[in-house]
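Okay, here's what each chain looks like letter by letter:
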Amino acid sequence: MTSLEQTDAAIEKAAAATESWRAVAPADRARLLRRFASQVDEHLEELAQLEVRNSGHTIGNARWEAGNVRDVLDYFSAAPERLFGRQIPVAGGVDVTFREPLGVVGVIVPWNFPMPIAGWGFAPALAAGNTVVLKPAELTPLTAIRLAELALAAGIPEGVFTVLPGAGDVVGERFVSHPAIGKICFTGSTRVGRRIMAGAADQLKRVTLELGGKSATIVFDDADLAAAAAAAPMSFLDNTGQDCCARTRILVQRTVFDSFMEQFEEAVRSVVVGDPLDEASQMGPLLSEQRRTAVRSYLAGDTPVAFTGSAPVGPGYWLPPTVLLPSSTDDRTWQEEIFGPVAGVIPFDDEVDAIAKANDTAYGLSGSIFTRDVGRALRVSRAVQAGNLSVNSHSSVRYSTPFGGFKQSGIGRELGPDALDSFTEVKNVFIATEQ
Ligand code: NAD
């Protein structure tokens with residue numbers, strides 16, 4: 001675990017590296033990022049196996065996650081040569097803008113997706129000419145440590161990308177208070193995010209916050225019901241529900257409620273829950289006993305259980321997929337982020353009711369709308385207060401499109417063309433041409 005003194009030393013080293021890193025020619029910085037991507041690609045299986053052992057992710061997911069780091073690096077390797085400024089017409093001279101790096105960026109990563117979330121922070125930050133110090137979550141540091149070794153092997157100079165495994169209240173808090181860090185890129189709980197934003201205010205430090213979620217799926221009666229029911233299980237069971245985008249509030253139009261539930265139950269029961277190293281497994285165990293206890297506390301109340309799926313018995317933090325039937329939207333299981341394989345289902349009457357129920361949450365990260373009516377799909381997409389919506393699918397994350405939350409799900413956008421804005425500062429320069 002990194003101590004406070006070691007954290008300070010690493011931040012100072014990263015600060016000392018900023019001048020030389022931003023001076024690397026754009027094409028060379030791009031080439032270094034592409035080499036880093038190649039290193040990740042060459043070690044993809046090793047990284048995936050490491051994540052299975054450290055975090056219990058299914059091997060299929062872990063391979064996708066390592067591949068995502070490679071793809072995000074490749075995507076942002078195009079940025080150094082395309083960080084365009086503007087030329088703005090003014091009287092008496094020439095006016096140009098530059099996108100300047102912020103200096104040292106502190107990236108703080110949660111345990112649920114250790115590799116992708118690290119990459120969404122460090123890849124655009126490095127591409128924009130910043131140096132990076134990164135703190136993985138306490139229980140899941142292994143792949144981040146390996147990624148930093150691969151960066152060095154790719155030729156990225158020492159001090160440019162440093163991984164500091166350690167405690168949130170030591171390393172993480174030091175990122176917030178250390179004056180040499182220009183920006184915090186935080187992904188984690190809304191509780192810690194609030195604290196980071198308050199701490200960052202002291203030095204007006206820039207922040208990107210990717211926080212919790214309690215996303216809704218809305219199934220209208222004109223939808224392809226079989227497709228909606230077939231897709232619903234993995235929308236909240238992927239990564240054993242330890243996913244900020246999990247669709248844990250399922251809203252179904254009353255006229256098709258019973259029919260949906262019948263097909264949904266069948267689909268949940270057929271999800272393969274088992275050894276994460278087994279290629280056939282769709283869902284593995286929870287991260288830890290502490291997580292399992294936390295999730296079980298939501299199942300100990302009086303919210304009726306509609307049905308459950310299966311889970312192995314024996315060693316491992318197993319919990320079967322569980323579908324609840326809360327009687328009201330005030331139910332704690334409907335309002336709070338459970339972060340396990342648990343979803344609730346509630347009926348709605350019409351479009352207005354569906355939108356009101358979907359928006360009845362403090363969060364606003366993702367959501368899905370199932371309908372065959374294109375007009376309705378667009379109307380409801382515009383009305384749901386969330387940053388990432390999908391129609392007739394549950395996709396949330398693509399490296400080439402923006403990702404982030406409304407309301408208490410966060411501030412700022414990662415990935416896609418907008419990400420570089422939050423890793424650069426716009427500088428305006430006026431050059432007089434008149435004598
Ligand atoms: P967490 O907030 O407990 O921890 C996240 C990180 O912050 C860890 O590295 C932790 O060590 C660090 N930390 C803890 N206290 C800190 C402090 N005082 N100062 C600085 N850093 C501190 O979250 P978690 O339990 O690791 O992750 C789960 C949460 O992350 C869920 O709420 C989930 O929804 C959210 N999440 C959000 C997204 C998104 O993109 N919106 C993605 C994944 C996870």
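Summary of the structure given here. Only a predicted model underlies this, so the values are computations on that prediction, with no experimental measurement involved.

### Side note on the nonpolar core
Part 1 of the argument: Grouped together as the largest cluster of nonpolar side chains are 51 residues, with contacts concentrated most on Phe36, Leu73, Phe122, Leu134 and Phe161.
Part 2 of the argument: Considering each element in turn, this core owes the most residues, 9 residues, to helix α5 (residues 114-127).
Part 3 of the argument: Among the domains, domain 1 (4-211 + 409-432) and domain 2 (216-391) are the pair contributing at least three residues each to this core.
Part 4 of the argument: Aside from chain neighbours lying at most four places away, what touches Leu73 is Leu33, Phe36, Ala37, Val40, Phe122 and Ala123.

### Considering the site of the ligand
Part 1 of the argument: Lining the immediate surroundings of the ligand are 29 residues, of which Val109, Glu138, Ser189, Leu211 and Glu337 lie closest.
Part 2 of the argument: Glu138 is positioned such that a nitrogen or oxygen atom in its side chain is 2.7 Å from an oxygen atom of the ligand.
Part 3 of the argument: Contacts to the ligand include Gly168, whose backbone N or O atom sits 3.4 Å from a nitrogen atom.
Part 4 of the argument: Mapped by element, the contributors of at least two residues to the shell around the ligand are α7 (168-177), β6 (181-187) and α8 (190-201).
Part 5 of the argument: Taken together, the residues that form the shell around the ligand break down as 15 nonpolar, 8 polar and 6 charged.
Part 6 of the argument: If you count residues domain by domain, the shell around the ligand takes at least three from each of domain 1 (4-211 + 409-432) and domain 2 (216-391).

### Section: the environment of Ser20
Part 1 of the argument: Here Ser20 is to be found in helix α1 (residues 4-23).
Part 2 of the argument: Among the residues examined, Ser20 registers a relative accessible area of 48% and is labelled partly exposed.
Part 3 of the argument: Counting along the chain gives 139 residues from Ser20 to Gly159, while the straight-line C-alpha distance between them is 10 Å.
Part 4 of the argument: A polar atom in the side chain of Ser20 sits 3.2 Å from the backbone oxygen of Ala17.

Thresholds, definitions, all that
Residues numbered from 1 in each chain as written. Predicted model: local features only at pLDDT ≥ 70, side-chain atom pairs only at ≥ 80, totals over all residues. Heavy atoms only, no water. Core = buried A, V, L, I, M, F, W, Y, C linked by side-chain atoms within 4.5 Å. Buried < 20%, exposed > 50% of the residue type's maximum accessible area, 1.4 Å probe, protein only. Helix = DSSP H or I, 4+ residues; strand = E, 2+ residues; numbered from the N terminus. Domains from an automatic or database assignment. Contact = heavy atoms within 4.5 Å. Near = heavy atom within 4 Å. Polar contact = N/O pair within 3.5 Å; in protein donor to acceptor, adjacent residues only side chain to side chain. Nonpolar A, V, L, I, M, F, W, Y, C, P; charged D, E, K, R; others polar.

None of the figures reported here should be taken as evidence of function without further support.
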